[in-house]
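Coordinate inspection notes
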Amino acid sequence: MSTEAIPAEKPKRNYNALFGLTLLALLVLLWIILSVATPSFASANNISNLLRQGSMIAILAVGQTFVIITGGIDLSVGAVVGFATVIVAMLINAGVPLFLAILITLLVGVAIGMFHGFGIVKMGLPPFIITLATLTSLRGIGLLMTNGNSISINNDAFQLFSRSSFLGVPNLFWMVILVGIPAYIFLHHSRWGRYLFSVGSNAEASRLSGVNVQRTIYMAYTLSGLCAAFVGVLLASRIGIGNPTQAEGWELQAIASSVIGGTSLFGAVGSVHGPLLGAFILATINNGANLLNVNAFWQRIITGALIIVIVYFDGLRRRGK
Amino acid sequence: MTSTAQELHPAPTLEPGRTILELKGLEKRYPGTHALKPVDLAFKAGEIHAIVGENGAGKSTLIKLLTGVMPRTSGEVMWEGQPAALATPHEAMALGINAVHQEVVLCRHLTVAANMFLGEEDSRFGILQQRAMVRQAQKIIDDLGFDLPAHVVLGDLTIGQQQLIAAARATVRGTKFLIFDEPTAYLTRKEADQLFTLIRRLKGEGVTIIYISHRMEEVFELADRVSVLRDGTLVGTRNISETNDAELVKMMINRSIEQVYHKEHFTPGAVIVEARNLSGKGFENVSMSVRAGEIVGLYGLIGAGRSEFVTTLYGRHRKSAGQILWEGKEVQVNSEHDAIRLGMALAPESRRDQGLCLNLPVSLNLNLPIYKRISNNLLISNAQEKTEADRQIADLRIKTPTRNALASSLSGGNQQKIVIGKWLAHGAKLFIFDEPTVGVDVGTKAEIYRLFGALLSKGAGIILISSYLPEVYELADTLHVFRRGKLVATHGFRTADHEEILTQALAEKQEKLGGQT
Ligand SMILES: Nc1ncnc2c1ncn2[C@@H]1O[C@H](COP(=O)(O)OP(=O)(O)OP(=O)(O)O)[C@@H](O)[C@H]1O
Ligand SMILES: [Mg+2]
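Residues numbered from 1 in each chain as written. Chains lettered and ligands numbered in written order. Predicted model: local features only at pLDDT ≥ 70, side-chain atom pairs only at ≥ 80, totals over all residues. Heavy atoms only, no water.

- An unreviewed UniProt entry lists chain B under the name ABC transporter ATP-binding protein, with Mesorhizobium helmanticense as the source organism.
- Listed under Subcellular location (unreviewed entry) in UniProt, the entry text for chain B is "Cell membrane". (UniProt positions renumbered as here; feature names shortened; annotations may be inferred.)

- As annotated in an unreviewed UniProt entry, chain A carries the name ABC transporter permease and is attributed to Mesorhizobium helmanticense.
- Regarding chain A, the relevant UniProt record gives this comment under Subcellular location (unreviewed entry): "Cell membrane".

Things to note about the sheet that holds strand E22 (residues 486–492) of chain B
Residue and element names in this part refer to chain B.
- Sheet architecture is open: six strands sit in the order E18-E19-E20-E15-E21-E22, paired in mixed fashion. With partners counted over all chains shown, the strands left at the sheet margins are strand E18 (344–347) and E22, one partner each. Each strand of the sheet is rotated relative to its neighbour by a mean of 15°, with strand direction disregarded.
- Taken together, the four bridges between strand E15 (residues 295–300) and strand E20 (residues 461–465) define a ladder with parallel strand orientation. Residue Ile295 lies in a different strand from E20, and its bridge partner there is Ile462.
- The sheet strands contacting helix H14 (residues 412–424) are E18 and strand E19 (430–434), and the helix crosses E18 at an angle near 170°. (Pairing = 2+ DSSP bridges. Helix = DSSP H or I, 4+ residues; strand = E, 2+ residues; numbered from the N terminus. Axes fitted to C-alpha atoms, helices over the stretch in contact; angles between N-to-C directions. Contact = heavy atoms within 4.5 Å.)

Overview of the pairing of E18(B)
All names here are of chain B.
- Here E18 shows no split at all, with Met344 and Leu346 on one side and Ala345 and Ala347 on the other all buried.
- Bridge count for E18 against E19 is four bridges, and the pairing is parallel. In the sheet register, Ala345 faces E19, and the bridge partner there is Phe431. (Buried < 20%, exposed > 50% of the residue type's maximum accessible area, 1.4 Å probe, protein only.)

Description of the packing of helix H2 (residues 44–69) of chain A against helix H12 (residues 273–291) of chain A
Residue and element names in this part refer to chain A.
- Between H2 and H12, the least distance of the axes is 8 Å, while the angle of their chain directions is 145°. When the axes of H2 and H12 are compared, the crossing they make is right-handed. Within the contact between the two elements, H2 uses Asn46, Leu50, Leu51, Gln53, Gly54, Ser55, Ile57, Ala58, Ala61, Val62 and Thr65 and H12 uses Pro275, Leu276, Ala279, Phe280, Ala283, Thr284, Asn287 and Leu291.
- Grouping the amino acids of the contact of H2 with H12 by side-chain chemistry returns twelve nonpolar, seven polar and no charged. (Left-handed = near helix turned anticlockwise from the far one by under 90°. Nonpolar A, V, L, I, M, F, W, Y, C, P; charged D, E, K, R; others polar.)

In structure tokens:
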């Protein structure tokens, strides 16, 4: 073999960047098409709205991606979001200081994630099963706690947050950046990130190399739970109520965003920017379809088709490499 | 598969000596790697043709092209004078071309019998004849003289045993042309002898054989002709009677090697680790110790309990009795983590299952054990990650386009170098190498042994497991022989001869290996 003029550059990183650029191009293309097709798309109001819609799924998708990289799946995130709206609403209404209410809600998310880790590591349950169980039971617990009613939150400052902007950009989108940057550093520049990949690739080899596989799995699910609880807080702020049935199906949107963003469901392949872009592509399609008065049923079909197309081409290119 | 099991290998029709398969300008490019530059080569019917060459020279690539596993970039393959497309494995098999690949490619979760008849199952009215298949498979295995059960799940066998099954499987398929890609890498002498008997028998029946190996003595023992590949180019073909070891090595690596087994003797220091009457799954009542500056060799048949012993020492499995002493103090090693913290490092036996993250970059694989050292609490030092990876790549001559290539795109021997290399920068006190040079070429072997010397000189101790007697024989200061889970004999450096050690490893091993694998 000859190594043709040793390219000192790293094909993998290049590939990641290239794929990211392709997604970004797709997103921009969608925006251009929609701006031309419908006058209301490019309005400041609509763009803010779109960013708000996309932000919450984007944060969920980041947490989900950590889990998928280890070769797992977290089906509970939608339910955790709904549950977290209830917790934060109850705490605020009970007069708990805002800061503390949010902190406690986040800790609930962490606890749920730890429980998933426990189920997988100690009880040997498949991730699909344990998170599916949480998905149904959390909604049930939430309904019990609220007697099936919505709790409206009486704290204006809390609700104002999600409606306001900073430097012209909606606060919710700033939250994506707040989560995205540490997530990026964590995944690509810390050893914990490397361990997520190595466990997803070969757990036994990682274990024999001294990687604490159990802790790595705990960490992935805990982070996913934390992201979901955080999104719950944001959602409660946005709609002003706590309701355990909120965020129905968001787990699937998060998984879809992650997969569109280049994450492999077989594990060991993924990034942070990919799922973020994936989430905003999905949000754009939904938003655009609404503006164009496309039947909501069609939106679902388009999303499904898009997943197949993007993942297919991604796979083709990877194999071609 | 009905009744073909009896008439195992229908006699090939071609008379011996005629060209059966010819390569014309056969070429293969991978992205970033020109693995095979146009190669012209003709194989004569009924010959055993050895192919040798360094790691990454293109041997396995050639085989993959011939068996339809990968498409070629250009060139032609003539089968019995006709051009053959060889686009799919199915097509190759239909012509009678079969291969036993370097990495076992069978279904680990199916039984031995199910694997042997995979794709050619015996069924009556759509119902699988399971019992009949097990019986037939057992008959074939017994017939070949392999000492293995047909009803067990393949994954329960050792890699070497799986390799034998793969060989047996290839013989039941009306083979005319059979390729062995480093079949003896995981076999002990006894299993290798069984395999050689099988190969000679096939040759007697007129089957043409390609035999790839890094062990020169096997090439001289078996082959009629030998071809040498270097950097994807065919350097030459020789009749075996007209060449010698030194010439082949010279052709392979373009320089000569005076001494493969580089052995430095150090005065042994303090005892690093001691096992006292240690028992666990697969071994019983083993006592031994390793001192600083010495290599302790463990020799035995596959399944003799050596790997189980060291993985227990390393905390991967629980001990059932006995004590482990680290630097004189009793310790509990409950996990690999504990072991690594004490100062142990283990390069495991199976690179695919235990050694590598195949779909991740070379650099990540090499650095996996040392990320703690090359990062502060939060961030990894990118510069150090690169330097460490590049150093191992250079030291071990790992052939890879860049440090960011995926481990799966490396040749078998180069993957093995990663398994070794990742521990070299770690700075442990006790290194456990389980079959460290499987599939590694002569030049690099010499390099690895030199690195062993460097580790010893820094005061480390080494446990070396090998099923290849010359390796442990020439390197170990203390050589322990294992047989059926027990330590049966201990020798000093070259104090016994091969014959004696072999007998000790083999004695009273007549019954089937059965459950204890
Ligand atoms: N799937 C692949 N993608 C990219 N490069 C590959 C792939 N498979 C092999 N190569 C490259 O092709 C070259 C030849 O590899 P090959 O496996 O044929 O070597 P080999 O002679 O069998 O070596 P060994 O003795 O180590 O088994 C190597 O440099 C390897 O890195
Ligand atoms: Mg090979």
